[in-house]
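A structural walkthrough
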Amino acid sequence: MQWGIVRMTIAATQENVGELVKTLNFAEKVDRSLRLIERAYCEYGARLVVANSLGKDSSAVWHLARRVSDGIKGFIVTTRFKPQATKQFMLEELERYPGRLKVYESTAEISDELYRTDPNRCCDVLKVEPTRRAIEEMNVACWVTGLRCTEGRTRTDFQEIEERDEGLIKLNPILLWHEREVWQYLALHRVPVNPLYGAGYRSLGCEPCSSITNGPDERSGRWLGTSKCGGECGIHTRPLKVNR
Ligand code: SF4
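The paragraphs below set out a description of the structure included in this document. (Residues numbered from 1 in each chain as written. Predicted model: local features only at pLDDT ≥ 70, side-chain atom pairs only at ≥ 80, totals over all residues. Heavy atoms only, no water.)

1. What to know about the site of the ligand
In the region of the ligand, the neighbouring residues are Phe81, Tyr115, Pro119, Cys122, Cys123, Leu126, Lys127, Cys206, Cys209 and Trp223. At five residues, the largest contribution of residues to the shell around the ligand is made by helix α6 (residues 119–137). Taken together, the residues of the shell around the ligand break down into nine nonpolar, no polar and one charged. (Near = heavy atom within 4 Å. Helix = DSSP H or I, 4+ residues; strand = E, 2+ residues; numbered from the N terminus. Nonpolar A, V, L, I, M, F, W, Y, C, P; charged D, E, K, R; others polar.)

2. Quick look at the side chain of Thr86
Relative to the helices and strands, Thr86 resides in helix α4 (residues 84–96). Setting aside its immediate chain neighbours within four residues, Thr86 contacts Leu54, Asn194 and Leu196. (Contact = heavy atoms within 4.5 Å.)

3. Points about the pattern of salt bridges
In total, this model carries 20 salt bridges according to the counting rule given. Residue Asp31 is joined to Arg35 by a salt bridge in which the shortest nitrogen-to-oxygen separation is 3.7 Å. Placement of both Asp31 and Arg35 in helix α2 (residues 26–44) is noted, with a separation of four residues, approximately one turn of the helix. Look at Asp31 and you get partly exposed, because its relative accessible area is 35%. Between Glu38 and Arg35 there is a salt bridge whose closest N-O contact spans 3.4 Å. Within this pair, Glu38 and its partner Arg35 are both found in helix α2, separated by three residues, close to a single helical turn. Residue Glu38 is classed as buried on the basis of its relative accessible area of 7%. Look at Arg35 and you get partly exposed, because its relative accessible area is 35%. Connected through salt bridges with shared partners, the residues Lys56, Asp57, Arg148 and Glu218 form a single ionic network. (Salt bridge = Lys/Arg side-chain N within 4 Å of Asp/Glu carboxyl O. Buried < 20%, exposed > 50% of the residue type's maximum accessible area, 1.4 Å probe, protein only.)

4. Digging into the packing of helix α3 (residues 56–68) against helix α7 (residues 179–188)
Relative to each other, α3 and α7 sit at 50 degrees, their axes nearing to 10 Å. Our classification of the angle between α3 and α7 gives oblique. The hand of the α3/α7 crossing is left-handed. Every residue of α7 that contacts α3 at Lys56, Asp57, Ser59, Ala60, His63, Leu64 and Arg67 is listed here: Glu179, Val182, Trp183, Tyr185 and Leu186. Considering only residue class, the contact of α3 with α7 consists of six nonpolar, two polar and four charged. (Axes fitted to C-alpha atoms, helices over the stretch in contact; angles between N-to-C directions. Parallel < 35°, antiparallel > 145°, perpendicular 65-115°, else oblique. Left-handed = near helix turned anticlockwise from the far one by under 90°.)

5. Description of the nonpolar core
Ranked by internal contacts, the top residues of the largest apolar core, which has 35 residues, are Tyr44, Leu64, Leu171 and Trp177. Elements represented by at least two residues in this core include exactly α2, β1 (48–52), α3, α4, β4 (142–144), β6 (168–171) and α7. Sorting elements by how many residues they give to this core places α2 first, with seven residues. With sequence-adjacent residues up to four places away left out, Trp177 is seen in contact with Lys29, Val30, Ser33, Ala60, Leu64, Arg148, Thr150, Val182 and Tyr185. Among the nonpolar cores identified, the runner-up in size contains 26 residues, and Ala51, Val125, Met138 and Trp223 belong to it. (Core = buried A, V, L, I, M, F, W, Y, C linked by side-chain atoms within 4.5 Å.)

6. Quick word on the packing of aromatic side chains
Scanning the model with the defined rule gives six aromatic pairs in all. Ring geometry for Trp62 against Tyr97: centres 5.5 Å apart, planes inclined by 90 degrees, an arrangement best described as edge-to-face. Separated by 35 residues along the polypeptide, Trp62 in helix α3 and Tyr97 in the loop between α4 and β3 (101–105) bring together distant segments of the chain. According to the relative accessible area criterion, Trp62 is buried, its value standing at 1%. Measuring from centroid to centroid gives 5.3 Å for Phe81 and Tyr115, while their planes differ by 75 degrees, and the two rings are edge-to-face. (Phe/Tyr/Trp six-rings, centres within 6.5 Å; stacked < 30°, edge-to-face > 60°.)

7. Here we look at the sheet that holds β1
Strand pairing within a sheet occurs via backbone hydrogen bonds; the two strands may be parallel or antiparallel. Read across the open sheet, the six strands follow the order β3-β2-β1-β4-β6-β5; overall the sheet is mixed. The open sheet has two edge strands, β3 and β5 (161–165), and neither has a second partner. Shown here is a sheet whose adjacent strand axes are inclined to one another by a mean of 30 degrees, direction ignored. (Pairing = 2+ DSSP bridges.)

8. Concerning the pairing of β3
Looking at chain direction, strand β2 (residues 73–78) and β3 are connected through five bridges and run parallel. Across the sheet, the residue bridging to Phe75 is Lys102, located in β3. Remark: the β2/α4/β3 crossover connection has right-handed handedness. (Right-handed = clockwise from strand over helix to strand, strands pointing away.)

9. Quick look at α2
Between its first and last C-alpha, α2 extends 27 Å over 19 residues, near the 27 Å set by a 1.5 Å rise per residue. By the burial criterion, the buried members of α2 are Phe26, Lys29, Val30, Ser33, Leu34, Leu36, Ile37, Glu38, Ala40, Cys42 and Tyr44. Structurally, the start of α2 carries an N-cap: the backbone nitrogen of Ala27 is 3.1 Å from a side-chain oxygen of Asn25. Just downstream of α2, Gly45 is the residue with a positive phi angle, here 55 degrees. (Expected span 1.5 Å × (residues − 1). Polar contact = N/O pair within 3.5 Å; in protein donor to acceptor, adjacent residues only side chain to side chain.)

Written as structure tokens, this is what we have:
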């Protein structure tokens, strides 16, 4: 595909996301996602970086970004509690894209049971802090995520282009995609995915906080049995640019 270079200033959007989810078809959504990444890449170049959680949505976004430019870089935040299969998949991704993905992980000392006693604190230490570090160290001006508004109750109030932290654009290029459309895209492009989906998971995180569920809410298996059930780790809701 040929990409025309169109210089436009990226600014936070205020669109009727729910309506767009319903009215755009799969091909239109894919095209819209590519155009969003292309516009942002034209503006930010190497300061545009893709966050990769090693889940299906990240795999789709990473593939889309590489269709725009194989020079685009990404970062992975991993934790000591990620499932072995996810850790193995991460190693395979690093091999597939040498020099393109940087890994961040917290080595902070925390209680082994913190995910049970205070999951918000655990996510803050193991996920949010390394994300902040990645954004700072990689000099990110625009980070690209795989967030989708149909994933669950906590994800309905987002826009495709956001500026939650001043001076840091957040691009959610597949915000409008249904779960089915993610799988459609990954299948059509034969994108390798985390093998845990084969076991029945629909949303993947750390091992103690991810369960296989069948309900309508895609994220209902996250933090099952806690007040955080179906919730957020914080990278999409907490400030990411902080004074150290
Ligand atoms: S998902 Fe669970 S184990 Fe992972 S950082 Fe959050 S609370 Fe801790």
